[in-house]
Amino acid sequence: MRADMLTSILSELNGSSADIEASAIVSTDGLMMAALLPSSMDEDRVGAMSAALLSLGDRTAKELARGGLEQVLIKGDKGYVLMTYAGDDAVLTVLAKSQAKLGLIFLDVKRAAESVSKVI
Amino acid sequence: MNLDHIALFKHVNGFTDADSAAVQAVSSILVTIAPQLTDEFYDQLVSHPETNKHIEGRLDALKATHRQWMTELFTGPHDETFFARQEIIGVVHVKVKIPPLFVSSSMSFLRHEVVHMLHAKAESGELTCEQFEAASSAILRLLDLCQMLIDTAYEAERLRLLSEVTGMKLRLIENLIALN
């Protein structure tokens with residue numbers, strides 16, 4: 001039931017922008033809770049790496065006096081990986097195209113993260 | 001302390017209550033080798049610049065701690081309190097930044113030397129052949145058990161420190177390790 005609700009949030013998020021290619025919700029210990037990922041991607045790897053990066057980002061922001069973490073953004077030449085907390089115990093990870101308009105995606109992801117935190 | 005792990009280790013390596021009894025039966029003789037064993041052990045560590053770095057200025061205190069550990073090893077009881085102390089030794093070694101390599105090489109040295117010294121006791125007639133065989137076999141198993149507990153504590157403490165520094169939960173670190 002909860003997994004269906006989380007998948008529905010991801011489905012809505014992926015549909016909100018043609019630039020969003022995939023998304024997933026992961027527990028903070030790296031276990032996949034729901035995912036809409038290409039079949040070529042290993043869910044376990046995406047889950048563990050997303051949670052690890054967000055933990056490191058969180059710690060880095062605190063250590064370097066940047067306040068509470070809002071998001072971690074990775075830019076590669078083929079696109080973006082955006083990670084943000086969805087409540088205290090989950091991570092929302094989004095893969096976006098390289099030409100994506102990040103401002104709009106940030107808004108959609110923030111909204112989706114709030115929805116996820118209400119479900120969890 | 002994971003008692004199931006200790007039980008499994010003892011089952012595989014063969015350390016039993018009879019081994020513990022064999023050590024304790026000749027403990028009065030065994031404790032007499034503790035000072036010499038400790039001195040030879042630290043002579044070995046002092047003789048290499050890498051290990052000596054961790055000893056300089058603390059030699060007497062370290063020797064006293066080592067003699068006490070040897071005495072506990074030789075007198076027992078080899079119970080939960082004894083096992084818990086081995087884990088604490090591991091944690092302390094991590095805290096003072098002793099590399100794991102030093103622990104395993106030190107244990108190797110002790111295994112060799114303890115048998116060598118007990119053999120000398122047998123040759124001098126202080127130990128019978130049977131006592132030498134039973135005690136040296138039991139002490140070797142016991143040292144292996146100690147090293148397993150120290151190594152396990154080492155690994156746990158290093159993961160805990162990694163978790164503390166990175167903010168990653170221990171479960172997450174284990175999940176990352178399991179990816180390969």
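Residues numbered from 1 in each chain as written. Chains lettered and ligands numbered in written order. Predicted model: local features only at pLDDT ≥ 70, side-chain atom pairs only at ≥ 80, totals over all residues. Heavy atoms only, no water.

A. Geometry of unusual backbone geometry. P77 of chain B follows G76 of chain B through a cis peptide bond whose omega is -5 degrees. Take P77 of chain B: it is sitting in the loop between α6 (59-75) and α7 (80-95). For A65 of chain A, which is not glycine, the phi torsion reads 55 degrees and is therefore positive. Tracing the sequence through the fold places A65 of chain A in the loop between α2 (43-63) and β3 (72-76). (Helix = DSSP H or I, 4+ residues; strand = E, 2+ residues; numbered from the N terminus.)

B. Highlighting a nonpolar patch on the surface. Nonpolar side chains collect at one region of the surface, where I88, V92 and V96 of chain B lie side by side and expose about 240 Å² of accessible area between them. Positionally, I88 of chain B belongs in helix α7. (Patch = residues over 30% accessible without salt bridge, like charges linked within 9 Å, V, L, I, M, F, W, Y side chains within 5 Å. Areas by Shrake-Rupley, 256 points an atom, 1.4 Å probe, with all protein chains shown as cover. Salt bridge = Lys/Arg side-chain N within 4 Å of Asp/Glu carboxyl O.)

C. Region of the structure containing the side chain of S27 of chain B. Residue and element names in this part refer to chain B. Position of S27 relative to the elements: it lies in helix α3 (residues 27-30). Classification of S27 by relative accessible area gives buried; the value is 16%. Engagement of the side chain of S27 in a polar contact is seen with the backbone oxygen of Q24, the distance being 3.1 Å. Setting aside anything within four residues of it in sequence, one finds S27 in contact with F74 and T75. (Buried < 20%, exposed > 50% of the residue type's maximum accessible area, 1.4 Å probe, protein only. Polar contact = N/O pair within 3.5 Å; in protein donor to acceptor, adjacent residues only side chain to side chain. Contact = heavy atoms within 4.5 Å.)

D. Representation of the packing of aromatic side chains in the model. Residues and elements named next belong to chain B. This structure, assessed with the given rule, holds three aromatic pairs over all chains. Aromatic pair F41 and F109: ring centres 6.0 Å apart, planes at 35 degrees, arrangement tilted. Residue F41 is located in helix α4 (residues 34-46), and its partner F109 is located in helix α8 (residues 100-123); the two are separated by 68 residues in the primary sequence. F109 shares its class with F41; the two are buried. (Phe/Tyr/Trp six-rings, centres within 6.5 Å; stacked < 30°, edge-to-face > 60°.)

E. Here's a closer look at the packing of helix α9 (residues 129-166) of chain B against helix α10 (residues 170-178) of chain B. All names here are of chain B. Where α9 meets α10, the closest approach of the two axes is 9 Å, and the angle between their N-to-C directions is 110 degrees. With respect to α10, the axis of α9 lies roughly perpendicular. Residue-level inspection shows L159, R160, L162 and S163 of α9 in contact with α10, the latter providing L170, I173, E174 and I177. In terms of residue class, the contact of α9 with α10 is made up of five nonpolar, one polar and two charged. (Axes fitted to C-alpha atoms, helices over the stretch in contact; angles between N-to-C directions. Parallel < 35°, antiparallel > 145°, perpendicular 65-115°, else oblique. Nonpolar A, V, L, I, M, F, W, Y, C, P; charged D, E, K, R; others polar.)

F. Representation of the packing of α2 of chain A against α9 of chain B. One can describe the packing of α2 of chain A onto α9 of chain B by two numbers: an axis separation of 8 Å at closest approach and a directional angle of 60 degrees. On the basis of their axis angle, the class for α2 of chain A and α9 of chain B is oblique. On α9 of chain B, the residues touching S55, L56 and R59 of chain A of α2 of chain A are E164, V165 and T166 of chain B. Taken together, the residues of the contact of α2 of chain A with α9 of chain B break down into two nonpolar, two polar and two charged.

G. Examining the pattern of salt bridges more closely. The full count for this structure, using the stated rule, is 11 salt bridges over all chains. Two residues, R111 of chain A and D108 of chain A, come together in a salt bridge whose shortest N-O distance is 3.5 Å. A residue pair is termed a helical-turn pair when its members lie 3 or 4 positions apart in one helix, as R111 of chain A and D108 of chain A do in helix α3 (residues 102-119) at three residues. Between D39 of chain B and K63 of chain B there is a salt bridge whose closest N-O contact spans 3.1 Å. A residue pair is termed long-range when its members are at least 10 positions apart, and D39 of chain B in helix α4 and K63 of chain B in helix α6 qualify at 24 residues. According to the relative accessible area criterion, D39 of chain B is partly exposed, its value standing at 31%. Among the charged side chains, a salt-bridge network with shared partners connects E157, R160 and E164 of chain B.

H. Quick peek at the environment of M107 of chain B. Residue and element names in this part refer to chain B. Looking at the secondary structure, you find M107 in helix α8. Since its relative accessible area comes to 3%, M107 is described here as buried. M107 sits 63 residues away from L170 along the chain, and the two C-alpha atoms are 29 Å apart.

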